[in-house]
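Structural overview for review
Listed below are the residues making up each chain.
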Amino acid sequence: MTAPSPIRTERHGEILVIISDSPPVNALGAAVRDGLEAGVKEGVADASIKAMVIRCDGRTFFAGADITEFGKPPKGASLHEVIDMMDASDKPIVAAIHGTALGGGCEVALACHYRVAVPSAVMGLPEVKLGLLPGAGGTQRLPRIVGVKAALEMVAIGDPIPAKKAAEVGLVDKVVGEGSLEADAIAFAKEIAGKRPIPRVRDKTVDPDPEAVEAFRKAHGRKMRGFDAPAANIACVVAASEKPFDEGMKFEREQFMKLMTGTQSAAQRHIFFAERQAAKIDDVDPKTPLRPVNKVGVIGAGTMGGGISMNFLSAGIPVTIVEMQQEALDRGTGVVRKNYEASAAKGRIKPDAPEKAMALLTPTLSLDDLADCDLIIEAVYENMDVKKELFTKLDAIARPGAILASNTSYLNVDEIAAVTKRPEDVVGMHFFSPANVMKLLEVVRGEKTAGDVLATVMALAKKIRKVAVVAGVCHGFIGNRMLSPRQIEANKLLMEGATPEQIDRVHVEFGMPMGPFQMSDLAGVDIGWHRDPTRIESIRDALAAEGRWGQKKNAGFYDYDEKRNPTPSPRVAEIIEDFRSRSNLPKREITDEEIVERTLYPMVNEGALILEEGKAQRASDIDVVWIYGYGWPVYRGGPMFWAQTEGLPKVVAGLEKHGFKVAESLKAAAESGGKL
Ligand code: 3H9
């Protein structure tokens, strides 16, 4: 028995309405494409039909091609065939858009002869974010409507535009009623049914605009560094302005196939699904009732506490923030206000947003004021005794059922939970600095953390627009635990003859925003330092003892000018040399390849151990941590995905060559040709 088609047709007098019902997002998979083809054929063949409307049930118009089909053998009608048929129809077709008309969905709309949309709809070609380009005519049709400049923004950046803007630039012919899309689209179709010639985007032309292309490249060059897809998108838009439609289509196809079969797009598609998968907790029923979180308490108004608070305030959730001293409290809330005002000044948020957010913030010096909070997050000094004392107090103050969270980045959440009478309510919520900006949230699951606590925190993370990953209790959880072997090796490499500049350059060329020593300088060389200038046991100790604490002191592993531009430091070179000579290590030439093998392969190895110990649910979760928490280049798909593209046998051989103990699971996967 064949499955029923997700596409049905309904007749409204002379108008045929073709309806897709393919949850969750009406992706254009084989069955949808076949159904669409059949629907349009039906409309074309039926003499009583004068025009057609295409619309979708559910939450959205087609949100794109079905990404799960990519890389698999083709099935059914291709999107090109369907789109060509729609374009060529001698009866006008109206796209009736709600939700998100994205990618292939937007391309379907562009191949229709008219487009109507509800005000809340958005349209866009986000393929570039998947390492692709719109491969079903989007790069050729869009510029013909909106011009080269606007098309570049839409395809090479990939951000969608709302219906009103789409109407302004000619992408949408009419904005219709929010609750009456179908009726309004049918009425519109009746109006245009007899109009000839039928407007086809392919018949339009667009003038070349080399200045706009140049300006775009200049403005976005840095952001696009390392990525293949933006340049291909730009080339296709240029082709639309220089080549006849069919030649442009051919060029688009070639470029699309190149990207589709490449590693970068595979990596970016992997991350798209990994991010969504990360939200799922293997052994917690997705239907678990969530605890209500209508009021949040944050302890600590420092950089971290302030940033954490902003996430909730921006989502409209009231926050009570606690500090020990009035001065620190005032300083902390002042910084929060300043951050909001700076965002408003840059136009990133509405002008009244700072006042709205600040009105939700209640500063206090008393922990007792947290008694009515549903979730309390501590962001105090990273010290076990301090945290234990605090959780003992919270246990006495918090209402029954409140979730008690620690923002610790290393400490044992079980040990913290054990001081309370309710360890099932305790969880780690590890935000990354700056907490109002960084997307990652590591949710640390204690041995006794209740399933509904975990589910509530994961759902809340989505509400505050974070990407959450569940981690088990271990030193540094997923991210910082993997950072540690990288740092250890980077330090060793300095002793053997590499320079901070070389090591950092290799990481930046790999695609990281910065290398390990640039990161130290940014975070503070003095972080975790024992504070005894006479005790010098490492290069880092020596730097800290001399007050080279990083960017904040204009000196760390690098020297900095007043604009914080780094230059290699002769003093640091001396310190390294001094250490090396004392340790009797011979200085040798270190290759870039060795730096990759010794700093990045051990991260993969640590990731494998994390999986073996069950401290991460899946390898792709580890990738999500590194993409969203540490700026691992998304086009390399995270360390675990990258290891597969390097070849696991090569990674294992590299680790063995440098004397690392290789994780059993990594060895086994390399030997069997399997995956981590
Ligand atoms: C393309 O179109 C290429 C063409 O130019 C050329 C072809 C020749 N396919 O995000 P959510 C799943 S490339 C398959 O949680 P939201 C998603 O995995 C495509 N599955 O919901 C999730 O599954 P699960 C261009 C898809 O409301 C479920 O749907 N289009 C696709 O937060 C719900 O998704 C895009 O890049 C897909 N295309 O956000 C748009 N999309 O429940 C990609 C979603 O099992 N999609 N799923 O975890 C999105 O940006 C968001 O999903 C959307 C909804 C905004 C639509």
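Treat the numbers as computed from the prediction; the structure is a model and nothing was measured.

How each quantity is defined
Residues numbered from 1 in each chain as written. Predicted model: local features only at pLDDT ≥ 70, side-chain atom pairs only at ≥ 80, totals over all residues. Heavy atoms only, no water. Near = heavy atom within 4 Å. Polar contact = N/O pair within 3.5 Å; in protein donor to acceptor, adjacent residues only side chain to side chain. Areas by Shrake-Rupley, 256 points an atom, 1.4 Å probe, with all protein chains shown as cover. Helix = DSSP H or I, 4+ residues; strand = E, 2+ residues; numbered from the N terminus. Nonpolar A, V, L, I, M, F, W, Y, C, P; charged D, E, K, R; others polar. Pairing = 2+ DSSP bridges. Axes fitted to C-alpha atoms, helices over the stretch in contact; angles between N-to-C directions. Contact = heavy atoms within 4.5 Å. Salt bridge = Lys/Arg side-chain N within 4 Å of Asp/Glu carboxyl O. Buried < 20%, exposed > 50% of the residue type's maximum accessible area, 1.4 Å probe, protein only. Parallel < 35°, antiparallel > 145°, perpendicular 65-115°, else oblique. Left-handed = near helix turned anticlockwise from the far one by under 90°. UniProt positions renumbered as here; feature names shortened; annotations may be inferred. Phe/Tyr/Trp six-rings, centres within 6.5 Å; stacked < 30°, edge-to-face > 60°. Lys NZ or Arg CZ within 6 Å of the ring centre and 35° of its normal. Core = buried A, V, L, I, M, F, W, Y, C linked by side-chain atoms within 4.5 Å.

Taken together, the neighbourhood of the ligand is formed by 27 residues, with Arg59, Glu107, Glu127, Arg276 and Lys280 sitting nearest. One of the backbone N or O atoms of Gly135 is found 3.1 Å from an oxygen atom in the ligand. Take Lys280: an N or O atom from its side chain is 2.7 Å from an oxygen atom of the ligand. Relative to its unbound accessible surface of 1,000 Å², the ligand loses 75% to contact with the protein. Elements that contribute at least two residues to the shell around the ligand include exactly strand S5 (100–102), helix H3 (104–111) and helix H10 (263–278). Looking at the shell around the ligand residue by residue, the classes come out as 15 nonpolar, five polar and seven charged.

Overall, mixed pairing links the eight strands, which are arranged S12-S11-S10-S13-S14-S15-S16-S17 in an open sheet. Sheet topology places strand S12 (361–364) and strand S17 (467–472) at the edges, where each strand pairs with a single neighbour. In this sheet, adjacent strand axes meet at a mean angle of 25 degrees when their direction is disregarded. By the bridge criterion, four bridges tie strand S11 (residues 319–322) to S12 in an arrangement that is parallel. In the strand pairing of S12, Thr320 is matched with Thr362. Packing against the sheet, helix H16 (residues 451–463) makes contact with strand S13 (375–378), strand S14 (403–406), strand S15 (426–431), strand S16 (440–445) and S17, and its axis sits at approximately 175 degrees to S16.

Looking now at the pattern of salt bridges. Inspection of the entire model under this criterion finds 51 salt bridges. Between Lys387 and Glu378 there is a salt bridge, with its nearest N and O atoms 3.0 Å apart. Relative accessible area serves as the criterion here: at 0%, Glu378 is assigned to the buried category. As a salt-bridge pair, Glu496 and Arg588 come within 2.8 Å of each other at their nearest N and O atoms. Remark: Arg588 occurs in the loop between helix H21 (570–583) and helix H22 (592–599) and Glu496 occurs in helix H17 (residues 479–496); sequence separation between them is 92 residues.

The subject of this paragraph is the packing of helix H26 (residues 648–657) against helix H27 (residues 664–672). Each pair of packed helices gets described by two things: the angle between the helix axes and the distance between those axes. Closest axis-to-axis distance for the H26/H27 pair is 8 Å, and the angle between their directions is 135 degrees. In terms of their interaxial angle, H26 and H27 are classed as oblique. Taken as a pair, H26 and H27 cross one another with a handedness that is left-handed. Residue-level inspection shows Leu648, Pro649, Val651, Val652, Leu655 and Glu656 of H26 in contact with H27, the latter providing Leu666, Lys667, Ala669 and Ala670. Broken down by class, the residue content of the contact of H26 with H27 amounts to eight nonpolar, no polar and two charged.

Of note, Lys650 is situated in helix H26. Accessibility expressed as a relative area gives 44% for Lys650, which makes it partly exposed. Sequence spacing of Lys650 and Tyr601 is 49 residues, and the spatial spacing of their C-alpha atoms is 9.7 Å.

Per the UniProt record, "domain: 3-hydroxyacyl-CoA dehydrogenase C-terminal" (unreviewed entry) is found at residues 476–560. The straight-line gap between the two end C-alpha atoms of residues 476–560 is 30 Å; of that span, 52% is helix and 4% is strand.

Time to look at the sheet that holds strand S7 (residues 122–124). The mixed open sheet is built from three strands, whose spatial order is S5-S7-S8. Unpaired on one side and paired on the other, S5 and strand S8 (161–162) mark the two borders of the sheet. In the sheet, S7 pairs with S8 via two bridges, with the strands oriented antiparallel. Bridge assignment links Met123 to a residue of S8, and that residue is Ile161. The strands touched by H3 within the sheet are S5 and S7, with S5 carrying the most contacts at an inclination of about 85 degrees.

Enumeration according to the criterion identifies 14 aromatic pairs in this entry. On the basis of an interplanar angle of 80 degrees and a centroid distance of 5.4 Å, the ring pair of Phe432 and Tyr630 is categorised as edge-to-face. Here Phe432, found in the loop between S15 and S16, pairs with Tyr630, found in helix H24 (residues 619–630); they are 198 residues apart in sequence, far enough to count as distant. No difference in accessibility class separates Phe432 from Tyr630, as the two residues are buried. Seen in terms of ring centroids, Trp626 and Trp632 are 6.4 Å apart; in terms of plane orientation they differ by 85 degrees. Their pairing is edge-to-face. Here the aromatic cluster, defined as three or more aromatic residues joined through ring pairs, consists of Phe432, Phe510, Tyr601, Trp626, Tyr630, Trp632 and Trp642. Over the face of the ring belonging to Trp549 we find Lys553, whose NZ or CZ atom lies 4.6 Å from the ring centre. The ring of Phe579 has Arg582 lying over it, and the distance from NZ or CZ to the ring centre is 4.9 Å.

The biggest cluster of nonpolar side chains holds 85 residues, and the ones touching the most others in it are Ile478, Ile539, Phe557, Trp626, Trp632 and Leu666. Ranked by residues supplied to this core, first place goes to H24 with eight residues.

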